[in-house]
Amino acid sequence: MPRITYHQPQGSQQTIELDEPAPLMQTALRNGVPGIVGECGGQAMCATCHVYVREDYLDQLPEKSEDEEEMLEEVASPFDERRSRLGCQITIGEDLEEIEVDVPESQV
Amino acid sequence: MTQPLQPHEHVVIIGTGQAGVQMVDSLRQNGFTGPITVVGDEPHTPYQRPPLSKELAGSSSIVPLPLRPEGFFDQAETQALLGVEVTDLDPQAKELKLSDGGRLSYNRLVLATGARNRDLPIEGADLQGVHGLRTLDDAENLHTALSEAWRVVIVGAGFIGLEVAACANKLGKEVTVLEFADRPMARALTSSASHYVAAAHTETGINLKLGEGIASLQGQHGKVTTAVGSSGEQYPADLVLIGVGVVPNTELAENAGLKISNGIAVDTQLCTSDPHIYAVGDCTTFPNHFTGGPTRLESVQNATDQARYLGALLVQGNDDDAGYRELPWFWSNQGGVRIQIAGISAPGDEAVLRGDPETGKFSVLCFRDGALAAVESINAPKDHMAARKLLVGDTSSLSREELSDPETDLRKLAKSIR
């Protein structure tokens, strides 16, 4: 079963198993994972669903769209050129079956 | 002068949309420890509205995206009264009457009552198969109806109308859009951007009828079958979506004697004509730094930014506060057309193209009194993000030649004037 593990800055973690493919941001909001806001509803407009993808999964990620590239310039926590992504733009359960991400300190 | 909140003060927020929920969040984030109550007339846990018109998939049921993770109100130690309407506001007694018979006293009240769909007073508007779209309930009804409909007629080529038109078209429906004005999104876009949008939708097979209002809706056995245009032409319809704008929910404030001016009138610090009552979001008319006059905006950006501003202001008080002055921005996804707007254009602005519409990727720069005032970007997110930076700075030194040259790096330019 596809799954997403969210690591919080304080060290706790939550793993969510998915019944069907879903983006990282939406899964976090629907399962009470703190630290991911998604203010625009998953439209790559607000940069409040920033996550750091863990090393093991970096080479399996989809390319960033131009929208995502632009919004990543706006994130509230430090931007990591390799690991920073928007949670609304990464869907788990299609090409990627599993992922682990670090939730940043702040989103706004 | 806004007095900082004391820990014993009870803050009541009316509304559980983006503005109301952000208000709770911002009060707590700024360190307010006193009691908060939020009252919302919708029974649902607060949810996100933008996807409701942009991601109508047409098959399985809608799973709304929550505005905050479950348990948010508990964690924020906030009493949430959902499915409860505020029926009366007494500013003298600082008391609210609720639809469940209850009463609530407040020290400070925040109105985040939002807006509702504008009714269309035409024959047949109450027929089965005629829909509006604003709430989750609306979206669920539309969603179910869309799966059984074949011919979809949309009244109004604004944000909602065109977003739904694009979704329905993608689902293979036969889509007709009736627009009274001579171009789509006329209130939000300059004519260059508007004409591009019209052409793009027409190209995907949407029947966009401009200069065509709606005269009536006809039906059989109580169900809509035909939309009759102002020209007299008849458009067969299994489903009609009315998307002719919204009206702010001001009645409660109006009955309480607060000043109303299109929306609930507030000053630059979002305070109404009563010193203990504030208003944020779609319901609010505020002195807008960017338009130079009283303005009411309907957007996620305005709702959340106003709530953030007011949350900080109420907790910290203000000594040298300049008032709310965040740059307005908007977006819309309509099939392959992504529209992003920074700032607010006005009739009379000079519109200058940056890039070539033929490429499907360009921006319209709007100049007012010689300075950049707004930027509309079509499938050009780089321009949009740079514009959001440019427009909060002093753009008077930037020439239109420089700005409109696609070779100019707008982001760098924004840094140079900061």
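As shown above, the structure is provided for reference.
Residues numbered from 1 in each chain as written. Chains lettered and ligands numbered in written order. Predicted model: local features only at pLDDT ≥ 70, side-chain atom pairs only at ≥ 80, totals over all residues. Heavy atoms only, no water.

Caption draft 1: Molecular detail of the overall build of chain B. If you tally the helices and strands in chain B, you get 11 helices and 27 strands. Computed over the C-alpha atoms, the radius of gyration of chain B is 22 Å, within 12% of the 22 Å expected from 2.2 N^0.38 for a compact globule of 418 residues. Seen along its three principal axes, the alpha-carbon backbone of chain B occupies a region of about 60 × 60 × 35 Å. Expressed as a percentage of its 418 residues, the buried residues of chain B come to 58%. Long-range pairs, those at least 24 residues apart, make up 62% of the contacts in chain B with a sequence separation of at least 6. Carbon and sulfur atoms provide 47% of the accessible area of chain B, an area that totals close to 17,800 Å². (Helix = DSSP H or I, 4+ residues; strand = E, 2+ residues; numbered from the N terminus. Rg over C-alpha atoms; globule rule 2.2 N^0.38 Å. Buried < 20%, exposed > 50% of the residue type's maximum accessible area, 1.4 Å probe, protein only. Contact = heavy atoms within 4.5 Å. Areas by Shrake-Rupley, 256 points an atom, 1.4 Å probe, with all protein chains shown as cover.)

Caption draft 2: Structural context of the nonpolar core. Of all hydrophobic cores here, the largest spans 95 residues; its most connected members are Leu27(B), Leu96(B) and Leu111(B). In terms of residue count, helix α8 (residues 300-316) of chain B provides more of this core than any other element does, seven residues in total. Apart from residues no more than four positions distant in its own chain, Leu27(B) is found in contact with Leu5(B), Val11(B), Ile13(B), Phe32(B), Ile36(B), Gly311(B), Leu314(B) and Val315(B). The next biggest cluster of nonpolar side chains, apart from the first, holds 32 residues, and it includes Leu18(A), Ile36(A), Ala44(A) and Ala47(A). (Core = buried A, V, L, I, M, F, W, Y, C linked by side-chain atoms within 4.5 Å.)

Caption draft 3: A look at empty space enclosed by the protein. All names here are of chain A. Applying the stated criterion across every chain yields a total of two cavities of 30 Å³ or more. Among the residues forming the lining of the largest cavity, the class breakdown is two nonpolar, two polar and two charged. Its boundaries defined by the atoms lining it, the second largest cavity holds a volume of some 30 Å³. In terms of lining, the second largest cavity is formed by Met25, Gly38, Cys40, Gly42, Ala44, Met45, Cys46, Ala47, Cys49, Leu86 and Cys88. Among the residues forming the lining of the second largest cavity, the class breakdown is nine nonpolar, two polar and no charged. (1 Å grid on protein atoms, 1.4 Å probe; cavity = no way out; pocket = protein on both sides within 12 Å on 5 of 7 lines; lining within 4 Å. Points joined across faces, edges and corners; volume = space filled by probe spheres on them. Nonpolar A, V, L, I, M, F, W, Y, C, P; charged D, E, K, R; others polar.)

Caption draft 4: Representation of the packing of helix α9 (residues 381-390) of chain B against helix α11 (residues 410-417) of chain B in the model. Residues and elements named next belong to chain B. Closest axis-to-axis distance for the α9/α11 pair is 8 Å, and the angle between their directions is 10 degrees. Classified by the angle between their axes, α9 and α11 sit roughly parallel to one another. Where α9 abuts α11, its residues Asp383, Ala386, Lys389 and Leu390 lie against Leu410, Arg411, Leu413, Ala414 and Ile417. When the residues that make up the contact of α9 with α11 are grouped by side-chain class, the tally is six nonpolar, no polar and three charged. (Axes fitted to C-alpha atoms, helices over the stretch in contact; angles between N-to-C directions. Parallel < 35°, antiparallel > 145°, perpendicular 65-115°, else oblique.)

Caption draft 5: Inspection of the sheet that holds strand β5 (residues 95-98) of chain B at higher detail. Residue and element names in this part refer to chain B. Taken together, three strands build an open sheet; the order of strands is β4-β5-β6 and the sheet is antiparallel. Every interior strand has two partners, whereas the edge strands, β4 (86-90) and β6 (103-105), have only one. Pairs of neighbouring strands in the sheet enclose a mean axial angle of 20 degrees, with direction left out of account. As defined by bridge partners, β4 adjoins β5 across four bridges and the pair is classed as antiparallel. Considered in β5, the bridge of aspartate 90 is made with glutamate 95. (Pairing = 2+ DSSP bridges.)

Caption draft 6: Inspection of unusual backbone geometry at higher detail. The residue Ala44(A) is not glycine, and still its phi comes out positive at about 55 degrees. Phi at Leu270(B) is positive, roughly 65 degrees, even though this residue is not glycine. Take Leu270(B): it is sitting in the loop between β19 (263-265) and β20 (277-279). Exposure remark for Leu270(B): the relative accessible area of 0% places this residue in the buried category.

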